[in-house]
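# Per-entry structural report
This is what each chain is made of:
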Amino acid sequence: MAGNYRFEMDQKDINRFLNTTVGSFIQDRLIDKKQRKLHKEQCAERLAAEDGCSDKDTEVQYSEQAVLANLDWGMDALEEAINTSNMETKLARLDYAEKMLQVCAMLNSHQKTAGVPNFYLSAWAHLNLSYLWKLRNNISNSVLHVLEMFIIDPFFSRIDFAPELWKSLFLPHMSSIIGWYSEARHRLMMEVIPDSSDLSFTVDFDQFFNESLVYSVRPDQAEKMQKLEQLYGESLDDNTRLYAKYYKDCINYDSTTCKKVIPMVPIAEPPMTPLHEVSRKIPDYVKFGPILPKSAGFSAILKDKEDPKEACSRLNQTSVPLGKVDSPAKESQVSEDASDYEQDDSFADSHKLVSPMSMRIKEDLGCWPKLQQSKESSRDHSPTVFSPLDSPKTPSPKVSSSKQNLQMKREPASILRLLSRHIMTDSSISASLPASPPLPNDTSSWSTDLDSEVIVEARRSCMKKVNRRQNMNFANGNSQLFENSYVNEMDEGSQSNMSFPLSEKSTQRTRPPKDFVCPITSQIFSDPVTLETGQTYERKAIQEWIKRGNTTCPITRQPLSAVALPKTNYVLKRLITSWKEQHPDIAQEFSYSETPRNSSSISPSYGIPEISPPSKSYDEYVNNLNSRRFNRATVSTSPTSVISQATLETVINDLKPHIECLCNSEDLKECETAVLTIAKTWKDSNAESAIHCCLSTPTIVNGFVEILSASLNREVIRTSIYILSELISAEGSVGETLTSVDSDFDCLASLLKNGLSEAAVLIYQLRPSFAQLLAHEFISSLVQIISNKHENKSDLQLIMEPKEAAIALLEEILMGGDENCKYINAMGVISANGIPALIKCMDRVEGRHSIVSVLLCCIKADRSCRNVIATRIDLPLVLELFHGGNDGLRGICVEFLSEIVQLNRRTICNKVLQRIKEEGAFSTMHAFLVYLQMAPMEQQLLIATLLLQLDLLVEPRKMSIYREEAIEALIEGLRRKDFLNFQIMASDALISLSGRLTSSGKSYNEELLLKIAGFDQPYNTVMKEEKLILHETESKETMEEDEKAAKSWEKRVAFVLCNHEKGSIFKVLEECLKSDSLEMAKSCLVLSTWLVHMLSRLPETGVRNAARKSLLDQFINVLLSSRNLEEKILATLALKSFIKDQGALEELGVYAKGIYKVLRKLKRNSVVVTDILKALMNLPSVNAMELWSCSEVVELGSCTNGEVLCLLHLNGRVLSSHADGTIKVWDAGKRVLRFIQEVREHTKAVTCLYVSSSGDKLYSGSLDKTIRVWTVKQEEIYCVQVHDVKEPVYHLIADPNVACFSSQGSGIKVYNWSGVPKHINFNKYVKCLAMSDNTLYCGCSGYSIQEVDLCKHTSSSFYSGAKKLLGKQTIYSLHIQGGLLFAGGSSVDGTAGKVFSISTKGVTGSLSTGFDIQCIAVSNDFLFTGTKCGTIEVWLKERVTRIAAIKMGGGGHTRITSLVLDANGDMLFAGSSDGKIQAWALE
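Residues numbered from 1 in each chain as written. Predicted model: local features only at pLDDT ≥ 70, side-chain atom pairs only at ≥ 80, totals over all residues. Heavy atoms only, no water.

## What to know about the overall build of the chain
Here is the rule: For the purposes of this entry, the term helix denotes a DSSP run of H or I that reaches at least four residues, the term strand denotes a run of E that reaches at least two, and both are numbered from the N terminus. Classification of residues uses two cut-offs on accessible area relative to the type maximum, computed with a 1.4 Å probe and protein chains only: under 20% is buried, over 50% is exposed, and between them is partly exposed. Every residue pair with non-hydrogen atoms within 4.5 Å of one another is taken to be in contact. The Shrake-Rupley method, run with a 1.4 Å probe, gives the accessible areas here. Residue values count only the displayed protein chains as cover.
A tally of regular secondary structure across the chain gives 58 helices and 32 strands. With 1483 residues in all, the chain has 54% of them scored as buried. Across the chain, the fraction of contacts at a sequence separation of at least 24, relative to all contacts at a separation of at least 6, is 64%. Total accessible area on the chain is roughly 66,600 Å²; 50% of this is exposed by carbon and sulfur atoms.

## Some words on the packing of aromatic side chains
What counts here: Whether two aromatic rings pair depends on their centres lying within 6.5 Å, for rings of Phe, Tyr and Trp, where Trp uses its six-membered ring; planes under 30 degrees apart make the pair stacked, over 60 edge-to-face, and the rest tilted.
Evaluated as defined, the whole model comprises 22 aromatic pairs. With a centroid separation of 4.8 Å and 55° between ring planes, the pair formed by Phe 150 and Phe 170 is classed as tilted. Placement of Phe 150 in helix 6 (residues 139–152) and of Phe 170 in the loop between helix 8 (163–169) and helix 9 (175–192) is noted, with a sequence separation of 20 residues between them. Residue class for Phe 150 comes out buried when judged on its relative accessible area of 0%. Residue Phe 170 is classed as buried on the basis of its relative accessible area of 0%. Ring geometry for Tyr 1337 and Phe 1358: centres 5.4 Å apart, planes at 80°, overall edge-to-face. With a gap of 21 residues between them, Tyr 1337 in strand 19 (residues 1335–1340) and Phe 1358 in strand 21 (residues 1354–1359) connect regions that are remote in the sequence. Each of the two residues, Tyr 1337 as well as Phe 1358, counts as buried.

## Considerations on the pattern of salt bridges
Working definition: two side chains of opposite charge can pair if their charged atoms are close together. Inclusion rule: By definition here, a salt bridge exists when the distance from a side-chain nitrogen of Lys or Arg to a carboxyl oxygen of Asp or Glu is within 4 Å.
This structure, assessed with the given rule, holds 47 salt bridges. Put simply, Lys 1067 and Glu 1070 hold a salt bridge, and the shortest N to O gap is 3.4 Å. With Lys 1067 and Glu 1070 both in helix 51 (residues 1064–1072), this residue pair falls three residues apart, about one helical turn. Taking relative accessible area as the criterion, Glu 1070 reaches 12% and is therefore assigned buried. Each of the salt bridges in this network shares a partner with another, and the network as a whole consists of Arg 1160, Lys 1163, Asp 1421 and Asp 1466.

## Comments concerning the packing of helix 29 (residues 698–710) against helix 30 (residues 714–730)
Rule in force here: All axes are obtained by fitting lines to C-alpha atoms, using only the stretch in contact for helices, and the reported angles, taken between N-to-C directions, cover 0 to 180 degrees. Oblique is the label for any angle not covered by the other classes, which are roughly parallel (under 35 degrees), roughly antiparallel (over 145) and roughly perpendicular (65 to 115). Throughout, a crossing is termed right-handed when the near helix is turned clockwise from the far one, and left-handed when it is turned anticlockwise from it by less than a right angle. The nonpolar class holds Ala, Val, Leu, Ile, Met, Phe, Trp, Tyr, Cys and Pro. Asp, Glu, Lys and Arg form the charged class, and all remaining residues, Gly among them, are polar.
In contact at an axis separation of 9 Å, helix 29 and helix 30 are set at 150° when each is read in the N-to-C sense. Of the possible angle classes, the one that applies to helix 29 and helix 30 is roughly antiparallel. Where helix 29 crosses over helix 30, the two elements pack in a sense that is left-handed. When helix 29 is examined against helix 30, the residues Val 701, Phe 704, Ile 707 and Leu 708 are found in contact with a partner set consisting of Val 716, Ile 717, Ser 720, Ile 721, Ile 723, Leu 724 and Leu 727. Grouping the amino acids of the contact of helix 29 with helix 30 by side-chain chemistry returns 10 nonpolar, one polar and no charged.

## Here we look at the sheet that holds strand 21
Applied cut-off: At least two bridges found by DSSP between two strands are what make those strands a pair.
What the four strands build is an open sheet, ordered 18-19-20-21; its pairing is antiparallel. Among the strands making up the open sheet, the edge pair consists of strand 18 (1326–1332) and strand 21. Recorded for the sheet is a direction-independent mean angle of 25° between the axes of neighbouring strands. Looking at chain direction, strand 20 (residues 1344–1349) and strand 21 are connected through five bridges and run antiparallel. Its bridge partner lying in strand 21, Val 1348 is registered against Ser 1355.

## Observations concerning the state of the cysteines
Inclusion rule: Throughout, a disulfide means two cysteine sulfur atoms within 2.5 Å of one another.
Across all of its chains, the model carries zero disulfides by this definition. Between Cys 1206, a free cysteine, and Cys 1248, which holds the nearest cysteine sulfur, the sulfur-to-sulfur gap is 6.8 Å. By relative accessible area, Cys 1206 is classed as buried at 13%.

## Notes on the side chain of Asn 239
For Asn 239, the location among the structural elements is in helix 11 (residues 219–252). We classify Asn 239 as buried; its relative accessible area is 3%. Those residues within four positions of Asn 239 in sequence are excluded, and the remaining contacts are Met 174, Ile 177, Ile 267, Ala 268 and Glu 269.

## Description of the sheet that holds strand 30 (residues 1456–1461)
Strand order across the open sheet formed by four strands is 5-32-31-30, with antiparallel pairing between neighbours. Sheet topology places strand 5 (1190–1197) and strand 30 at the edges, where each strand pairs with a single neighbour. Going from strand to strand, the sheet's axes swing by 20° on average, the running direction of each strand aside. Pairing between strand 31 (residues 1467–1472) and strand 32 (residues 1476–1482): five bridges, direction antiparallel. By the bridge assignment for strand 32, Met 1467 is matched with Ala 1481.

## Quick word on unusual backbone geometry
At His 1353, a position not held by glycine, the phi torsion is positive, near 60°. One can find His 1353 in the loop between strand 20 and strand 21. In this structure, Asp 1389 is a non-glycine residue whose phi angle is positive, near 55°. Assignment of secondary structure puts Asp 1389 in the loop between strand 23 (1380–1388) and strand 24 (1391–1397).

## What about helix 5 (residues 118–135)?
Heads up, the rule is: Every helix has an expected span of 1.5 Å times one less than the residues it contains.
With 18 residues, helix 5 extends 26 Å between its outermost C-alpha atoms, agreeing within 8% with the 26 Å of an ideal straight helix rising 1.5 Å per residue. Judged by how many residues are buried, helix 5 sits mostly within the fold: 16 of 18 residues are covered. Of the residues one or two after helix 5, Asn 137 is the one with positive phi, at around 60°.

## Re the confidence of the model for the chain
Here is the rule we go by: Confidence per residue, as judged by the predictor, is encoded in pLDDT with a range of 0 to 100.
Summarising the model, the chain shows a mean pLDDT of 75, and 74% of its residues fall at 70 or more. The low-confidence segment residues 273–296 (pLDDT under 50) makes 77 contacts with residues lying over four places distant or belonging to another chain. The low-confidence segment residues 593–644, where pLDDT is below 50, has 86 contacts with residues more than four positions distant or belonging to other chains.

## Some words on the side chain of Ser 757
Relative to the helices and strands, Ser 757 resides in the loop between helix 32 (742–753) and helix 33 (758–765). Take Ser 757: its relative accessible area is 10%, and that puts it in the buried class. Beyond its immediate sequence surroundings of up to four residues, Ser 757 is in contact with Ile 785 and Pro 802.

## A short note on the environment of Val 1169
The residue Val 1169 is located in helix 57 (residues 1168–1177) in this model. In this structure Val 1169 comes out as buried when scored by relative accessible area, which is 0%. Here the alpha-carbon distance between Val 1169 and Leu 1133, two residues 36 residues apart in the chain, equals 8.1 Å. Excluding residues that lie within four positions of it along the chain, Val 1169 makes contacts with Thr 1132, Leu 1159, Leu 1162 and Lys 1163.

Here it is, written out as C-alpha cells:
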C-alpha cells in the first residue's frame, strides 16, 4: 500500500511537472509570433539546403510533394488560428491544421520524403500539434506530442525545435554522461597539451590552444577525439529518447485500470563509468549539440546511417572538408536493460554530435592547401557546415545564430548565401595559395606523405591568417566572431608562429601603397574620387560622409564648395589595377568588399558553391550559346587548328600595343582605333580562348568602359559592348569588375536611354537588381527597342538580340516590387504603347514566355487593354507555349487566356474562344482537361472556367466529358469550406460565366439583376462609369446583335449549371449561403438569384423542385435578416421567380405574416414586390386581415376654411381645396403634413382639383364659374390662366387640350380652352368623372355610368342601374386602374359599389356594404372606400373582400368627402366635412 501510494504521488508530481514545463514553453511560443516565424524560416532553410544537396536527377513524386505541402498548409492554418479572434474560425482552422499535420506526424521514420528524412518532418509536425492542442486547452495531448517529438528525433529536437525545453526536461538526468565525457576529454587533452597533468577536470582547454598546438595534434589523436564526440552525441540522443518514453508511460499509466507493470525510472548510463564525480556546474565547453547553421541540411547528419562503410562523423562538418577516412569509426554499443525503454535500432546511428572544440581543431587543420585541391573529395562530402568558435569569454552560441539570421535578411535572394558568407573569411586566404600536388584520400598517412615544403607553406598561410585577422577591419557580419575567437591565439601563439621557416615571398611588402588605400575604409580603392582639397576617397565612403550632414573634407577639414562628387580618378584606378595584378595576395586582403557578390566568386575547386542572383532565362540562354563558343575555341587550339600555336603567340604580341594604347593613351581617337583592331583580331581568330584570357584583366575591362563613357562613335561603342558581352558570358568576374563601380552601370544606362539598343544586352548580362532597374526608369527605352522594326545589322553577333534582352529586362521590372509598383510600371508600358510592339514579337521563341508575363501584368493594371490584346495576339503561339511549358509556365498561360476571354462584347468573346478551340497543333480542350486533373488548386478554377466556355460554343445537347469535369471542378471549389478565398473565387468564376462583363472584365450581373427587380441606380452607375451605353462608333444594329448573343450565352450557361447532376449546385449553394463570411454569402446570393431567375426562362427539366427545396428558405432568411437593401431586393427577385410554382407559393404562405411588412417597405425600390404581395394576398391559406394594419400619423383641423372638398397627392405634397375658396399645399414627405402655402384666388368654394399626366399643371374648378390653371413649382403653385366658363364647376377632368366638367344641369361640358364650352347632353345628372385615353366615364343619377367619346363628342350607356321605387340611387365616385373601373355610390340591396372590366363592360366584383360610398382610393393591393358616417372600409383588391375598417375622428356625423393615396400606397389621406385632414400609415 505504501509503495503504491508513494508511486501515485510521484506520478502526479511528474505529470504536474510536465504540464507546467511544457505548458509554459508552448505558451511562450504562442505569444512570441516573431520567434515562431524565425523558427519556421530556420527549419525551412534546412529543408531547402537538403533540396540543394540532393541528387538533381532524382525525380520527386507528386505524392511526396503533397506531404510537404500538407505540413506547410497545416502550419499556415495553425498560424491563422492563433491570430484570429473569431472562435468559429479558430476551431475550423484548428480542425484543418490537425488533418494536415497528422499526415506528416504518421510518416515512417525509417524513410525519406522528397529527400528529407521522415523523422525530421514527423518531429516538426508533432511540435506544431502540441501548439494546436494547447490552443484547444488540452495540455495532456500537448505534452504527449512534445514527448513524441523527442522520441522520434531527439537530435533535432534539442538543437532545432526545443533546446530550452530539453534542458529543463532531460539535462538534469544526463549528469553521468557529462561526467564521463569530461573525464574522457580530459585524458585526450592531457596527451596533447604539454604539462597538463595538474589541470582539473573542468578546465576549459580552449585557452591553451594556439596554432602550434593545433599542428602538433597527430591524426590518431584527432580520430580519438572524433570518436569521443560521436559517442557523446549518441548517448545524449539515446537517453533523451529513453526518458521521453518514460514520461509518456507515466502520463498514460492509470493505477486503477491499467494492468501493465508500473513504469520504472530509467538510468542514464554513460558508455563508461566516470572515475570520479564532477561538480554540479557544467563547464562551458560541454555542449549538447553542434551549432549547425540551418542551411546545413541533413546529408552530413545521415551519412553514417546511409553508408556506414564510408562514414565520417559530424567532425567533418567544418569549414573545409578533410577528405574521406578509410578506417571507419567503430560503432558504440550502449547496454541497456531489457525493458520498455530499450532504444530503437533504427536510431542507433541516425544522429552524430560534434563539439565546438573538435570543430575548431578541424577548422584550423583545414588551412592546409593540399586538402582543398581534391575535387573528388569535395564531391564525396556533404555541404560545408560552420559553427562559431567557442572561448570561455564568448557568449552563448545564440550570438552566431542571430548574426546568421541578420545576414539572411540582408540576402533573401538565396538561402545558401549564409553559407558563402561564412566561407569567405577562411577560404579566401587559402584560395590564393600556390597549387600543390593532390593528396591521397587516406588522411592517416599525413605525417609521412606530406611534403615538408607543403607543410611549411601551410603553416605560413595559417600565420598570415592570424596576422590578417588582427589587421583587417572586417566589413561583413562575421568580423566580431573572429575577433572574439582569435584574440587569445594571437597573443599566445605568436612565438610558435615565428619559429616557422619563412620563404622569401613572406618577407616582401605585406601592405599596399598608402596612396592606394582609402583613409576612411582602410581598403584599397575600388572607385576613387579626388576632391577639390586634393584628398582621394572611396566614392561610397565619402558619399556616406556627406549624407550624414558633413560639409568639410574628412582629413583637411576644409569646406567643400560642391556636394556633387567629381568623376572617377581613372589614372589612379589604372595604377591600382596594375599593382593588383603584381600582388594578388595582398590585393585580396585589402580589397574593398561590400556586396556578397565578392564572397561568392571563390573558385568552386575549393569545395565552395558559387552563388549567383536568380536569372533563370539568362542562364538557360547562355548555356545554349556557350557550347558553341567553347567548341569553337577548342577547335582553334587543337592540332588541326587553322591558327597554330606560334601564330597565336604572334597575334597576341601584335595585340599588346593596341591593348597598351587602350589602357594608357589619353588620345581618344587612338583608343577607338585600338578597340576596332582588337575586335577584328579576335573575330578573325574565331574568339580564341587565349585572346579571351588576355582581355579579361580588370585593367583592360576598365579601358573598354572608359571608351563607352567617352566615345561618340556608335560603331566603337557597339564594338566595345560586343567585346564586354563576350567576356562576361565566359567569365563572371568580368561582370563583377563592371558592377563594382556604380558609374559604370550609369554609363550603360545612359547609352541605353540614348538609343543604343546593344546596351540592353550588356545590362541584362550584368544581372542588375530590381532597385537599379527601377531607379534608371528604363521602361520607355526598352519599349523603344522592342518597337524598332529594323535592327542594326553588324558583323559582330551579340550573345542575344537586343530585343530579347529588352523583353527580359522588361519582365524583371514588371515582376518586381509590390503591387503598387507593378501597377505603375505596367501603366508605363501601356502609356509607351508597348503592347502592340510586344504582340509583334510573339513570333520569337526566345522570350515568348516573358512577353506573355508582361502582357498579363498590363491586363491586371488596365483591364481595358485586354480587348486590344485579344484581337491582335497570335493565340496558337500562346497555346504552343502552354503545351511545351512546365507547370509554372502553364499556369501563366492559363491565367492569360482566362483574362483575354473576359470581354464585354459577347460576339467578340465567342470569336476569341473559337480561335482558342480550333487553332493550335494539339487538341486544346483535351490538353486543358488533362491539365485540370493535375493543376494546383489556385489554377483549377481558371482552367475549368476556360474549358466550360470552350465547350459551350455549341448548343449543350449531348453529354460532354469536358463540360462535366469543368462544372464539377467549379462546384467542388464551392465546397472547400476550409479555403474561404478559394470559395469566393469559385463563386465569382461562376458569376462571370454569365458573360455580363464590363470593359474592365468585372461582372455586372448583380447590377443587372437589381435593374430587373426595378432598382436601377446601381446599374446606371456602372454603365456610366464603364461607358457601356451605346457609343457613337457602335451602331444600334451591332449592339442589338451583341445583346442577342449575350442572352443566348446566358441561357446556355444557366442551363448546364442548373441541370448538372439534377441540380446538385443548389444544394452546395444552400450551404454557402450559411457562410459566416459576408463576402462569400453575398457572392453566393447573387449567383443563386441569377440561377433561380434564369430557371423561369428555361424549359422545365425537373430541377426547379430541387432549387425550391434548397434555396427558398435561404432567400426568406435573407429577406428577413439582412440589413442591406440590395440583398433584400435580390432575395425578392428570387422569390418572385418561385411564385409561379404552386408548391413554392404554398411554402411561401407559411411565412406570409413575417415577410409582408418587409415586402411593403420594399415596394418603392422594387417593382416585383407587388406581384409577390398580390400572390400572398390571394392565397386561400392566408388570412388577409392578419396581414393588413395601419397607424394614424396626423390629424389637422382646417375648420376656418370650411369643408374639405377635394384632396390631391402630387410629388410628395398634398393639395387640399376648401369651401371658402382656398387651396392649401402640404409637405407629406416625412409622414407629417407640414403646411407650405395657402392661396385664395377663387371667390367661392373650390369643388375639384385635377393634375395633368405630366405633373406640371394643376387645374381647379370652382363655384365662382371659373377654371384656373396653375404652374406647380418645388414648394409653391402659381395661377397662370383663368377661364370663365359661365357656369359653376362641380367636377373637373382636364389636360392641355381639353377640359371636361359637370355643372348644374344634365350632361357634361367640353371646353377646348377657348370659346364657349360644348354641351353633351344625355339626360343624366353627373356626380363624378373618370377618364381613360379619349374616353370619359360619368357617374350619374339613377345608378348609371355613361361613356363619352371625346373625339366624336358622342355618349353611350356603360352601365344602367336597377330602378328602385324608393330613394335616389347615385354613383358618387369613379376610379380607373389597371383596366378596371371602380364605382361607388348609394347602397342598393347591400351593395354600394361595383368593379367593372373596361374592355368587356362586365362586373367582376361587388362591394357589399350597407354604407353609401362617397369616395374611392385604389392601391396595388387594396381598395379604400369613404362613407357618410366617417368610416373608411378597406377591401382586398383582387378578391374584393372587406378586411378592415378605419374610423375617422369627429363622431358619426362626419362625412368623408375625399380620399387619396401617396404614390407608393403607403399613406392614406382623408378629408372630412368638418374641415379636418387625417393621415394613416399603411403597414
